[in-house]
Amino acid sequence: MVRSDARENRARILAAAREAFTEDGATSMNQVAQRAGVGAGTLYRNFPTREALVLAVYQDEVARIIETAPRLLAEMEPLEALRHWTNDLVEAMRRKHGLGDALSPSAHQAITEQTYGPVVAAIRELFAAGKKDGSIRQDAEPADFLQLTGALWRAAPGPEDRSPHMLALILDGLRAQRPR
């Protein structure tokens, strides 16, 4: 069992690293430790390498996004919940790709394999609600949606960001056809 102070230190390190890496992907481990208010030994005990820390930040982010699906479905219609959820996922993917230099090809592969199933399961949950209420077509597949949304996080962010428009087109394609 992990002590509560150790859990708190780990959470502070992850939060500090997430903020630091968002601001500057080249942030050093020492800068992360300083920002988290922990010593270098505590940081390295939790995350022996920078790659391990980057992977943990990304896994934590994906887990957080996956956990939001039920709450979004409780608060809004399924297609709107899917839009919000996908926007969060796009931002996380952009951050992951921004950290690309910090991850080896094998680490990229490992994180993709670890997160693919849970992400598809969350999409499946969102789709099931939409299929049940008739807003999402019955033949829609979560894996297809995930592949289509890959283009969204590759779209240039900023004032010329086309991803919201692209997502609207994807969601329009998911809509169940109403009988005429």
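None of these values were measured; they are calculated from a predicted model. (Residues numbered from 1 in each chain as written. Predicted model: local features only at pLDDT ≥ 70, side-chain atom pairs only at ≥ 80, totals over all residues. Heavy atoms only, no water.)

(A) Structural detail: the UniProt feature "DNA-binding region" (unreviewed entry) in the protein chain. When the UniProt feature table is mapped to this numbering, "DNA-binding region" (unreviewed entry) covers residues 28–47. The span residues 28–47 is 75% helical and 0% strand by assignment, and the distance between its end C-alpha atoms comes to 13 Å. (UniProt positions renumbered as here; feature names shortened; annotations may be inferred. Helix = DSSP H or I, 4+ residues; strand = E, 2+ residues; numbered from the N terminus.)

(B) Inspection of the UniProt feature "domain: HTH tetR-type" (unreviewed entry) in the protein chain at higher detail. Under the UniProt annotation, "domain: HTH tetR-type" (unreviewed entry) lies at residues 7–65. Between the end C-alpha atoms of residues 7–65 the distance is 20 Å, and the span holds 81% helix and 0% strand.

(C) Summary view of helix α4 (residues 50–75). The terminal C-alpha atoms of α4 lie 38 Å apart, and with 26 residues this matches the ideal 38 Å at 1.5 Å per residue to within 8%. The largest bend along α4 reaches roughly 35 degrees and is located at A69, with the proline P70 sitting one to four residues downstream. (Expected span 1.5 Å × (residues − 1). Bend = angle between axes of the 7 residues up to and from the residue.)

(D) Quick look at the pattern of salt bridges. Under the defined criterion, the tally for this structure stands at 10 salt bridges. Among the ionic pairs, R18 bridges to E61, the shortest N-O distance being 3.1 Å. Placement of R18 in helix α1 (residues 4–23) and of E61 in helix α4 is noted, with a sequence separation of 43 residues between them. Here E61 falls in the buried class, since its relative accessible area comes to 5%. Among the charged side chains, a network of salt bridges with common partners joins R18, D60, E61 and R64. (Salt bridge = Lys/Arg side-chain N within 4 Å of Asp/Glu carboxyl O. Buried < 20%, exposed > 50% of the residue type's maximum accessible area, 1.4 Å probe, protein only.)

(E) Region of the structure containing the environment of V54. Residue position: V54 is located in helix α4. In the structure, V54 is positioned 53 residues away from A107 in sequence and 9.8 Å away in space, judged by C-alpha atoms.

(F) How the structure looks around the packing of α1 against helix α2 (residues 29–36). Relative orientation of the contacting elements α1 and α2 amounts to 125 degrees, with a least axis distance of 8 Å. Between α1 and α2, the interaxial angle falls into the category oblique. Between α1 and α2 the crossing geometry is right-handed. On α2, the residues that touch R12, I13, A16, A17, E19, A20, F21 and E23 of α1 are V32, R35 and A36. Broken down by class, the residue content of the contact of α1 with α2 amounts to 7 nonpolar, no polar and 4 charged. (Axes fitted to C-alpha atoms, helices over the stretch in contact; angles between N-to-C directions. Parallel < 35°, antiparallel > 145°, perpendicular 65-115°, else oblique. Left-handed = near helix turned anticlockwise from the far one by under 90°. Contact = heavy atoms within 4.5 Å. Nonpolar A, V, L, I, M, F, W, Y, C, P; charged D, E, K, R; others polar.)

(G) Fine view of the domain arrangement of the protein chain. If you check the domain split of the protein chain, you get domain 1 (1–48) and domain 2 (50–174). In this structure, domain 1 and domain 2 have C-alpha centres spaced 26 Å apart. In this assembly, 15 residues from domain 1 lie in contact with 10 residues from domain 2. Between domain 1 and domain 2 lies a buried interface of about 1000 Å² when both sides are counted; carbon and sulfur atoms form 70% of it. Applying the counting rule to domain 1 against domain 2 returns 3 residue pairs in polar contact (both at pLDDT 80 or more). Counting residues per element, the ones that place at least two in the side of domain 1 that touches domain 2 are α1 and α2. Ranked by the residues each element gives to the side of domain 1 that touches domain 2, the list is headed by α1, at 7 residues. (Domains from an automatic or database assignment. Buried area = accessible area lost by both parts, 1.4 Å probe. Polar contact = N/O pair within 3.5 Å; in protein donor to acceptor, adjacent residues only side chain to side chain.)

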